[in-house]
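# Residue-level structure breakdown
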Amino acid sequence: MRLSRGVAVVGAGMTRFHHKIHANKTSREIFVEAALEAMSSVDNGMGLDELGALFVGNFSGDSFEKQTHQAALMADWLGVTPKAATRIEDACASSGVAVNMGVMAVASGAYDVVMVGGVEKMRTLSTEGVTDTLAMAADAQYEVGVGFTFPGLYAALATAHFAKYGSTWEQLAAISIKNHHNGSLNSKAHYQTEVMESAMRFGERRGMKFEDEMEFLRSSLNPVVAYPLRLFDCCPISDGAAVVILAAEDVARKYTDTPIPVRGIGQASDMMALHDRVDLTTLRATRLAADQAYKMAGVEADEINVADVHDCFTIAEVLATEDLGFFEKGQGGKAVEEGLTALDGDKPVNPDGGLKAKGHPVGATGAAMAYEMFLQLRGEAGERQVDDVEYGLAHNVGASGGTVVVQIYGRT
Amino acid sequence: MTQFTVQAYKDFLQEGKLMGSRCKSCGTIYVPPRPVCPECHSRKLDWLEMSGDGTLEAYTVIAVPLSILAEEAPYAVGVVRLVEGPNVSGMILDIKEGAALTVGAHVKAEFKKGEGKAALCFRVT
């Protein structure tokens, strides 16, 4: 697959992802906040009337807010009706897919400029309500019907990976520690605290003292959610929105001297239920979506300088870094322990804190990855900036891998 | 209308039968049953009853449960490789701790019935 017309990101914005600060807002206010920030970020300015269409990722406004039809609502509240507005729902990959849809819409020539974003307001429900809602993205009959929760599916993938490759929970804990560190450098992240800071704070309240992060992570203050995954292996429940603005390469220079070109995109599906997959230690759709994106971009996995991968659970980062071809199969956990995926490592992964620390307002996550790549490729990521980025990759997974979408960004 | 429906599969579970469908063209077996073979795209499949014997491919013990299973937590679920070949998901009975399970453990199907609902369960043997 080749794009018949080049497409670049010319602006990006996002709200902080958080469980409290958006408490008195609905998704429309959260989305508009991110959208207006994206508009303001366009170097040479852009008017709302220049947007050709709007693509909005939203997983389950239905369940969280009793509000469907979110794209038209966002167009309405942003003041851009009657422009075409389309909601995309592919579980946790909703706005990652929206990015690809936006890219193809511009590449096709249908529009010169589109806005792509995502929004989720999750904190309207209790943890139990969120657990039920997230489980709707798995096979309701054959997985949820026998008791699987969404964390449970990834926990099962972890046991299969541990058994086949000898990877360990300690390696997963190292991912959590790394991503919390990165989150501490990101003012938009849900959690901006090192794991050790949490250990001290939680410990103080309970009269417990911890020598190091691992002692805390092994303690009762880090309870099991779904064995072997504990609380600090799971992304938090967050509200938030993220938005990017895509423009055709032939008009992008009007808006900025440093547009960030989309070099490659890919998307694949897989069997919904884990039990219908051939291999439980890999997400096939990641490999296939990445292959498409690498081919289109004309780059290899080892040329990627920075990546945002879908770490809804720590084990998911192991699977992702292997399936994207960054590390040999079975070596993803070891790579983290060796520091290869740290900000100053050979292959920095999730510089923004990942879903783990940045947060995962489900429908906003793919767009938030595009936001991070925009900053990283322009050298505007501040304290978490990775050095000498030529290529950045975003990897967004729907539920347990039924949908995977990948984008590769370059520099002009 | 296909006979390989969710409802038909569940009705068999109520009778204590674990049923799948086998592709007449390439022989691949699917549990639960499917009407179209993803391997060869044939639409000619037959019912096939499974023995219920298998081994654990992957598992978890869920501490933060679905609301409908709040009373049962912690409870175990897993992906089971049946001796006939296909995998299927089910609850693993009477397991409260992850350390009690291992990938490769032998399990046998049991059927939890009642209230018009039937669920596939397994027990470690």
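Just so you know, these numbers come straight off a predicted model, no measurement behind them. (Residues numbered from 1 in each chain as written. Chains lettered and ligands numbered in written order. Predicted model: local features only at pLDDT ≥ 70, side-chain atom pairs only at ≥ 80, totals over all residues.)

## A word on the overall build of chain B
Operational definition: Secondary structure elements follow DSSP: runs of H or I of four or more residues count as helices, runs of E of two or more count as strands, with numbering from the N terminus. For the radius of gyration, the atoms used are the C-alpha atoms, and the globule rule reads 2.2 Å times the number of residues raised to 0.38. Burial is judged by counting other C-beta atoms within 10 Å of a residue's own C-beta: 20 or more means buried, 12 or fewer means exposed, and anything between counts as partly exposed, with every C-beta placed from the backbone.
Scanning chain B for helices and strands turns up one helix and eight strands. Taken over the C-alpha trace, chain B has a radius of gyration of 15 Å; the compact-globule value for 125 residues is 14 Å, and the two agree within 12%. Taken along its principal axes, the extent of the C-alpha atoms in chain B is 45 × 35 × 20 Å. Within chain B, buried positions represent 39% of all 125 residues.

## What about the overall build of chain A?
Test applied: Think of it this way: build a C-beta for each residue from its backbone, and any pair within 7 Å is a contact.
If you tally the helices and strands in chain A, you get 15 helices and eleven strands. The C-alpha radius of gyration computed for chain A amounts to 20 Å, which stays within 12% of the reference 22 Å derived for 412 residues, consistent with globular compactness. C-alpha extents for chain A along the principal axes are approximately 55 × 45 × 40 Å. Counting across all 412 residues of chain A, residues that qualify as buried make up 62%. Intrachain contacts of chain A at a sequence separation of at least 6 include 76% that bridge at least 24 residues.

## Section: the interface of chain A and chain B
As a reminder, the rule being used: Residues are sorted three ways: Asp, Glu, Lys and Arg are charged, Ala, Val, Leu, Ile, Met, Phe, Trp, Tyr, Cys and Pro are nonpolar, and all the rest, Gly among them, are polar.
Listed as interface residues are 32 residues of chain A and, on the opposing side, 27 residues of chain B. Broken down by secondary-structure element, the contributors of at least two residues to the side of chain A that touches chain B are helix 5 (127-135), helix 6 (150-165) and strand 5 (224-226) of chain A. Counting residues per element, the side of chain A that touches chain B draws most heavily on helix 6 of chain A, at eight residues. Looking at the side of chain A that touches chain B residue by residue, the class counts come to 20 nonpolar, nine polar and three charged.

## Comments concerning the domain arrangement of chain B
Residues and elements named next belong to chain B. Convention followed: What counts as a domain boundary in this text is fixed by an automatic or database domain assignment.
Domain annotation of chain B identifies domain 1 (1-49) and domain 2 (51-125). The distance between the C-alpha centroids of domain 1 and domain 2 comes to 21 Å. Between domain 1 and domain 2, the residue contacts involve nine residues of the former and eleven residues of the latter. Elements with a minimum of two residues in the side of domain 1 that touches domain 2: helix 1 (6-14) and strand 2 (29-30). Split by residue class, the side of domain 1 that touches domain 2 holds five nonpolar, three polar and one charged.

## Re the sheet that holds strand 1 (residues 19-23) of chain B
Residues and elements named next belong to chain B. Test applied: Note on pairing: two strands pair once DSSP finds at least 2 bridges between them.
An order of 2-1-3 is seen for the three strands of this open sheet, with the pairing classed as antiparallel. Strand pairing shows two members of the sheet lacking a second neighbour, strand 2 and strand 3 (45-49), which therefore form its edges. By the bridge criterion, two bridges tie strand 1 to strand 2 in an arrangement that is antiparallel. Paired with S21 across the strands is Y30, a residue of strand 2.

## A short note on the packing of helix 4 (residues 94-107) of chain A against helix 15 (residues 365-378) of chain A
All names here are of chain A. Heads up, the rule is: Throughout, an axis means a line fitted to C-alpha atoms (over the contacting stretch in the case of helices), and angles, computed between N-to-C directions, take values from 0 to 180 degrees. In what follows, roughly perpendicular refers to angles from 65 to 115 degrees, roughly parallel to angles under 35, roughly antiparallel to angles over 145, and oblique to any angle outside these ranges.
Packing of helix 4 against helix 15 brings their axes to within 5 Å, and their N-to-C directions diverge by 60°. It follows from the interaxial angle that helix 4 and helix 15 lie oblique. The residues of helix 15 that touch helix 4, namely those facing S94, S95, G96, V97, A98 and V99, are T365, G366, A367, M369 and A370. Its residues placed into classes, the contact of helix 4 with helix 15 shows six nonpolar, five polar and no charged.

## Some words on helix 15 of chain A
All names here are of chain A. Put simply, the test is: Multiplying one less than the number of residues by 1.5 Å gives the expected span of a helix.
A rise of 1.5 Å per residue sets the reference length of helix 15, with its 14 residues, at 20 Å; its end C-alpha atoms lie 20 Å apart and thus fit the reference within 8%. Summarising burial for helix 15: 13 of the 14 residues are buried, a large majority. G379 lies just past helix 15 and shows a positive phi near 75°.

## Here we look at the packing of helix 1 (residues 27-41) of chain A against helix 3 (residues 70-78) of chain A
Residues and elements named next belong to chain A. The criterion, for reference: Helix crossings are classified by the rotation of the near helix relative to the far one: an anticlockwise turn of less than a right angle makes the crossing left-handed, while a clockwise turn makes it right-handed.
Where helix 1 contacts helix 3, the two axes come as close as 9 Å, and the packing angle between them is 60°. Put simply, helix 1 runs oblique to helix 3. Crossing geometry of helix 1 relative to helix 3 is assigned as right-handed. Mapping the contact onto sequence places S27, R28, F31, V32 and A35 in helix 1 and Q70, L73, M74, W77 and L78 in helix 3.

## So, the pairing of strand 1 of chain B
Residues and elements named next belong to chain B. Burial analysis of strand 1 places four of its five residues in the buried class, which makes it a mostly covered element. Note that strand 1 and strand 3 share five bridges and pair antiparallel. When the sheet's bridge partners are listed, G20 is paired in strand 3 with L48. Remark: five residues form the turn of the hairpin made by strand 1 and strand 2, two consecutive strands paired antiparallel; G27 in that turn has positive phi of roughly 85°.

## A few points about unusual backbone geometry
Cis rather than trans, the peptide bond between V31 of chain B and P32 of chain B has omega equal to -10°. Within the secondary structure, P32 of chain B is located in the loop between strand 2 and strand 3. Looking along the chain, the bond that leaves A73 of chain B and enters P74 of chain B is cis, with omega of -5°. As for its position among the elements, P74 of chain B is in the loop between strand 4 (53-62) and strand 5 (75-82). One non-glycine residue, N350 of chain A, lies in positive phi territory at about 55°.

## What about the sheet that holds strand 4 (residues 113-120) of chain A?
Residue and element names in this part refer to chain A. Overall, mixed pairing links the nine strands, which are arranged 3-2-4-7-1-8-11-10-9 in an open sheet. Edge strands, defined here as strands with exactly one partner in the open sheet, are strand 3 (84-88) and strand 9 (306-308). Sheet twist, expressed as the average angle between the axes of neighbouring strands with direction ignored, equals 25°. Two elements, strand 9 and strand 10 (residues 392-398), share three bridges in a ladder whose sense is parallel. Bridge pairing in strand 10 places A307 opposite L393. Docked against the sheet, helix 3 engages strand 2 (53-57), strand 3 and strand 4, running at close to 135° with respect to strand 3. Helix-sheet contacts for helix 4 involve strand 1 (7-14), strand 2, strand 3, strand 4, strand 7 (240-248), strand 8 (260-269), strand 10 and strand 11 (403-409), and the interaxial angle to strand 4 is about 170°.

## Focus on the confidence of the model for chain B
All names here are of chain B. Short version of the rule: Scored from 0 to 100, pLDDT records how confident the predictor is in each individual residue.
Averaged over all residues, the pLDDT of chain B equals 93, while 95% of them reach at least 70. The lowest-confidence element of chain B is helix 1, averaging 93 in pLDDT; the highest-confidence one is strand 4, averaging 98. The ipTM assigned to the predicted complex is 0.96, against a pTM of 0.97.

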